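In case you want the letters, here they are:
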Amino acid sequence: MAGAASALFLLDIKGRVLIWRDYRGDVSAAEAERFFTKLIEKQGGDPQSQDPVVYDNGVTYMFIQHSNVYLLTASRQNCNAASLLLFLHRIVDVFKHYFEELEEESLRDNFVVVYELLDEMMDFGFPQYTEAKILSEFIKTDAYRMEVTQRPPMAVTNAVSWRSEGIRYKKNEVFLDVVESVNILVNSNGQIIRSDVVGALKMRTYLSGMPECKLGLNDRVLLEAQGRATKGKAIDLDDIKFHQCVRLARFENDRTISFIPPDGPFDLMTYRLSTQVKPLIWVEAQVEKHSRSRFEIMVKARSQFKERSTATNVEIELPVPADATNLNIRTSMGSARYAPENDALVWKIKSFPGNKYNCRRSCSREKGTCPRKV
């Protein structure tokens, strides 16, 4: 089988090996030193410019950094880099579940548990079980609680590794929340250059047994395949990412999201909509300069959603010069304050009804108080 990781290293901030696990025997511990030397050469003083994949002398290194620890995999094969990088992030989640915080000190204090986790999470270089809840059922943080005869949970030996068997509830409940954020880039003329919507389906399930759930969306691909009208009702989903519980073959076949959910909260899927979006709240600022040391800003905010909807905890931040003093602020709704640590005025509106227009006036100068304008 090809595409496996040869070894996994945990390094401190100086590149010294804290813990390493050899899975295939074709990479030595010295490879970690070569990697860190190569990393320093490529960084060139800018840590943000480094790619997560480094190739040197027939070895491919994939790494991430968390706190003061580097998590590194090395492979001599043509492996799936994205899969191994995701695996490293899942290792971080598991370690944080066990140790609260992942850092050099927590690894040194719990190296026995770390080795046990690495043995269960990867076998012969191939990722296995990365669900912290399942691993915690048979790998205990406290060594004295471990039993030699303890058998692994059924979730490790069956196809549903993210859910334990025997779960029972007096009342079966499922909660589904759709959380979306709008990203809009506007130029100085007020024209929208780019806009998209990033969303997530967040679920909380409290179901007994091994239930199979199905979920349908108003996906344009599905509706067109069924010969149904799509005008004004369908959406084009891009960059879809599912939780591992979703049956991908079923989704590719008929666009139905079928899954056996984990117990408790989880993100069922994330997606992106590449569509022209009208800003929910449109903000305009007019600056009037009265003298070399005094200016006045009129900020107008207009909600562009339906009247029956209400936006809560709206916060508008307006940058001001770093040397601004003696601010006089008036608002038609909500409250505003000067945040010198951010060199900005922060306007907070607790409740912003739809199709509503609000404004705020602020004055600033170096000395004295700006007179109010009516």
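Keep in mind that what you see is a predicted model, and the values were worked out from it rather than measured.

Scoring rules and cut-offs
- Residues numbered from 1 in each chain as written.
- Predicted model: local features only at pLDDT ≥ 70, side-chain atom pairs only at ≥ 80, totals over all residues.
- Heavy atoms only, no water.
- Pairing = 2+ DSSP bridges.
- Helix = DSSP H or I, 4+ residues; strand = E, 2+ residues; numbered from the N terminus.
- Core = buried A, V, L, I, M, F, W, Y, C linked by side-chain atoms within 4.5 Å.
- Buried < 20%, exposed > 50% of the residue type's maximum accessible area, 1.4 Å probe, protein only.
- Contact = heavy atoms within 4.5 Å.
- Patch = residues over 30% accessible without salt bridge, like charges linked within 9 Å, V, L, I, M, F, W, Y side chains within 5 Å.
- Areas by Shrake-Rupley, 256 points an atom, 1.4 Å probe, with all protein chains shown as cover.
- Salt bridge = Lys/Arg side-chain N within 4 Å of Asp/Glu carboxyl O.
- Axes fitted to C-alpha atoms, helices over the stretch in contact; angles between N-to-C directions.
- Parallel < 35°, antiparallel > 145°, perpendicular 65-115°, else oblique.
- Left-handed = near helix turned anticlockwise from the far one by under 90°.
- Nonpolar A, V, L, I, M, F, W, Y, C, P; charged D, E, K, R; others polar.
- 1 Å grid on protein atoms, 1.4 Å probe; cavity = no way out; pocket = protein on both sides within 12 Å on 5 of 7 lines; lining within 4 Å.
- Points joined across faces, edges and corners; volume = space filled by probe spheres on them.
- Domains from an automatic or database assignment.
- Polar contact = N/O pair within 3.5 Å; in protein donor to acceptor, adjacent residues only side chain to side chain.
- Lys, Arg positive; Asp, Glu negative; His and termini not counted.
- Charge placed at Lys NZ, Arg CZ, Asp CG, Glu CD.
- Arc of directions from axis to C-beta.
- Phe/Tyr/Trp six-rings, centres within 6.5 Å; stacked < 30°, edge-to-face > 60°.
- Lys NZ or Arg CZ within 6 Å of the ring centre and 35° of its normal.

Looking at chain direction, strand E14 (residues 281–291) and strand E15 (residues 294–303) are connected through ten bridges and run antiparallel. Looking at E15, one finds that Glu284 is bridged to Lys300. Connecting E14 to the antiparallel partner E15 that follows it, the hairpin turn spans two residues.

Grouped together as the largest cluster of nonpolar side chains are 33 residues, with contacts concentrated most on Leu71, Ile91, Phe95 and Leu117. Looking at this core, the elements with two or more residues in it are strand E1 (7–12), strand E2 (17–22), strand E4 (59–66), strand E5 (69–75), helix H2 (81–99), helix H4 (111–121) and helix H5 (132–135). Examining the composition of this core, we find that ten residues originate from one element, H2, more than from any other. Not counting the four nearest positions on each side in its chain, Leu117 is found in contact with Val94, Phe95, Tyr98, Leu135 and Ile139. Of all hydrophobic cores here, the second largest spans 22 residues; its members include Trp162, Leu215, Phe266 and Val277.

So, on to a nonpolar patch on the surface. Taken together, the side chains of Val182, Ile184, Val186 and Leu280 present a nonpolar region at the surface, about 280 Å² in accessible area. As for its position among the elements, Val182 is in strand E8 (residues 173–186). Val182 gets classed as partly exposed once you look at its relative accessible area, which sits at 36%.

What follows deals with the packing of H2 against H4. When two helices pack together, their arrangement is given by the angle between their axes and by how far apart the axes lie. Where H2 meets H4, the axes come as close as 12 Å, and the angle between the chain directions of the two elements is 140°. The angle between H2 and H4 places the two elements in the oblique class. Judged by the twist between their axes, the crossing of H2 over H4 is right-handed. Contacts between H2 and H4 involve Phe87, Arg90, Ile91, Val94, Phe95, Tyr98 and Phe99 from the first element and Val113, Val114, Leu117, Leu118 and Met121 from the second. Of the residues in the contact of H2 with H4, the class split is eleven nonpolar, no polar and one charged.

Time to look at the environment of Glu317. Relative to the helices and strands, Glu317 resides in strand E16 (residues 310–319). Overall, the relative accessible area of 47% leaves Glu317 in the partly exposed class. For the pair Glu317 and Asp343, spaced 26 residues apart in sequence, the C-alpha separation works out to 9.7 Å. Not counting residues up to four positions away in its chain, the partners in contact with Glu317 are Ala344, Leu345 and Val346.

Estimated volume of the largest pocket: approximately 860 Å³. Considering the residues around the largest pocket, the lining is formed by 33 residues, among which Arg90, Thr130, Glu131, His243 and Gln244 are closest to the centre. Mapped by element, the contributors of at least two residues to the lining of the largest pocket are H2, H5, strand E11 (238–242) and strand E13 (264–273). Each residue belonging to the lining of the largest pocket can be placed in one class, and the counts come to 15 nonpolar, nine polar and nine charged. Split by domain, the lining of the largest pocket shows at least three residues from each of two domains, domain 1 (7–143) and domain 2 (173–273). The space that makes up the second largest pocket amounts to roughly 320 Å³.

Glancing now at the side chain of Ser106. Tracing the backbone through its elements, the reader meets Ser106 in helix H3 (residues 104–109). In terms of polar contacts, Ser106 uses its side chain to reach the backbone carbonyl oxygen of Glu101, at 3.1 Å. Apart from the residues lying within four places of it in its own chain, the contact partners of Ser106 are Phe99 and Glu101.

Another aspect to go through is a negative patch on the surface. There is a patch of like negative charges on the surface, built from Glu100, Glu101, Glu103, Glu105 and Asp109. Looking at the secondary structure, you find Glu103 in the loop between H2 and H3. Exposure remark for Glu103: the relative accessible area of 31% places this residue in the partly exposed category.

The next subject is H4. Restricting attention to buried positions, one finds in H4 the residues Val113, Val114, Leu117, Leu118 and Met121. Considered in projection along H4, the buried side chains sweep an arc of 135° and stay on one side of the axis.

Right, let's get into the sheet that holds strand E18 (residues 335–339). In space, the three strands of this open sheet follow the order E16-E19-E18, with antiparallel pairing throughout. The sheet terminates laterally at E16 and E18, the two strands that pair on one side only. With strand direction ignored, the average angle separating the axes of adjacent strands in the sheet is 20°. Note that E16 and strand E19 (residues 344–353) share nine bridges and pair antiparallel. Among the inter-strand pairings, Val314 is bridged to a residue of E19, identified as Ile349.

Let us now look at the packing of aromatic side chains. Counted by the stated rule, this structure contains ten aromatic pairs. Ring centres of Phe36 and Tyr70 lie 5.7 Å apart, and the angle between their planes is 80°; this geometry places the pair in the edge-to-face category. Of the two residues, Phe36 is situated in helix H1 (residues 30–43) and Tyr70 in strand E5; the sequence distance between them amounts to 34 residues. The pair formed by Phe36 and Tyr70 is uniform in burial state, with each residue classed as buried. Aromatic ring contacts, followed pair by pair, group Phe35, Phe36, Tyr61, Phe63 and Tyr70 into a single cluster. Its guanidinium or amino end placed over the ring of Phe124, Arg24 lies 4.1 Å from that ring's centre, counting from NZ or CZ. Directly above the ring of Phe175 sits Arg204, whose terminal nitrogen or CZ lies 4.5 Å from the centroid.

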